[in-house]
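The chain contents come next:
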Amino acid sequence: MYGVATDKIERILRFEPNNHTEAWRYVTYMFIHRNLFHVLINVVIQCLFAFTLEKYQNRLLVLTLYFGSGAIGALSSSCVRPDLVVGASAGVYGLLISNLSHIALNYNSTKYKLWAVLTVIIIVASDATFYLIYARNQENVIISEGAHIGGGIAGLILGLLLYRSKDEESKKRNRFIFWSIFAIFAILMSLLVAINFMIKKCTPAHRLRVSYTYVC
């Protein structure tokens, strides 16, 4: 919604760590972006990997993973730096990293898996390099590391839970992986939610909303 959303609309849609009960913010903040480059980089990576995944996985599952990663990225950002957040990078990182989950579940039938893994590594490394060398030192570019990392981890875990295996030989093994990952996911989500409510309870409201809006 870059170039469309007014300040009033942004205030309604952005993620605010002291408004946990306004559940729509966990998703709607992903539609708000700070500048054209912010929009384009997210859209390009999102389309590239979403279209590829949708060839092999159910479209609804991919969409669920995207928004789920975004919501978990918002929670993660509060744990690292409780402040306002806008941008879709948590969901995009979820899609990106979930390619590794797809490959793990369909290892025997996946073509060009080495190139796919290398592509993911190169994109993540390039983004990290951009942040460390340039963005971290810019006053007008404030990136939410927590949202990126949380979204990526969520994409990996949700991919293992949601995506389907087409390899008959590995389906029995994948059942064990599913329940193991589900247990880990449940524990991590419980901790994440608990930490967020502790942050809200123990931190004054004016400290939860300081002078920056973090983009992801």
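Residues numbered from 1 in each chain as written. Predicted model: local features only at pLDDT ≥ 70, side-chain atom pairs only at ≥ 80, totals over all residues. Heavy atoms only, no water.

Visitor: I'd like a description of the layout of surface pockets, backed by residues and values.
Guide: The computed volume of the second largest pocket comes to approximately 460 Å³. Lining the second largest pocket are 18 residues, and of these T52, Y56, T110, K111 and A116 lie nearest its centre. Only helix 3 (36-54), helix 5 (89-105) and helix 6 (113-133) provide two or more residues apiece to the lining of the second largest pocket. A per-element tally of the lining of the second largest pocket places helix 3 first, with 4 residues. Within the lining of the second largest pocket, the residues separate by chemical class into 8 nonpolar, 7 polar and 3 charged. (1 Å grid on protein atoms, 1.4 Å probe; cavity = no way out; pocket = protein on both sides within 12 Å on 5 of 7 lines; lining within 4 Å. Points joined across faces, edges and corners; volume = space filled by probe spheres on them. Helix = DSSP H or I, 4+ residues; strand = E, 2+ residues; numbered from the N terminus. Nonpolar A, V, L, I, M, F, W, Y, C, P; charged D, E, K, R; others polar.)

Visitor: Before we move on, can you summarise the packing of aromatic side chains with the specific residues and values?
Guide: Within the structure shown, the criterion is met by 7 aromatic pairs. Between Y66 and F67, the ring centres sit 5.0 Å apart and the planes meet at 65°, which makes this aromatic pair edge-to-face. A relative accessible area of 10% places Y66 in the buried class. Take F67: its relative accessible area is 24%, and that puts it in the partly exposed class. Between the aromatic rings of F178 and W179, the centroid separation amounts to 5.0 Å while the plane-to-plane angle is 90°, which identifies the pairing as edge-to-face. With a relative accessible area of 27%, F178 lands in the partly exposed category. (Phe/Tyr/Trp six-rings, centres within 6.5 Å; stacked < 30°, edge-to-face > 60°. Buried < 20%, exposed > 50% of the residue type's maximum accessible area, 1.4 Å probe, protein only.)

Visitor: Mind laying out a nonpolar patch on the surface, listing which residues take part and the relevant values?
Guide: A cluster of nonpolar residues, Y112, L114, W115, L118, I121 and I122, forms a patch on the protein surface that exposes about 730 Å² of accessible area. For W115, the location among the structural elements is in helix 6. (Patch = residues over 30% accessible without salt bridge, like charges linked within 9 Å, V, L, I, M, F, W, Y side chains within 5 Å. Areas by Shrake-Rupley, 256 points an atom, 1.4 Å probe, with all protein chains shown as cover. Salt bridge = Lys/Arg side-chain N within 4 Å of Asp/Glu carboxyl O.)

Visitor: Give me the lowdown on the pattern of salt bridges, citing residues and values where you can.
Guide: Going through the model one piece at a time under the given rule, you end up with 4 salt bridges. One salt bridge connects E22 with R25, and the closest N-O pair in it is separated by 2.4 Å. Where E54 meets R59, a salt bridge forms, and the shortest distance between an N and an O atom there is 3.5 Å. Given a relative accessible area of 27%, E54 falls into the partly exposed group. Put simply, R14, E16, E22 and R25 are held in one network by salt bridges that share partners.

Fair warning: the whole summary comes from geometry, so function is off the table for now.
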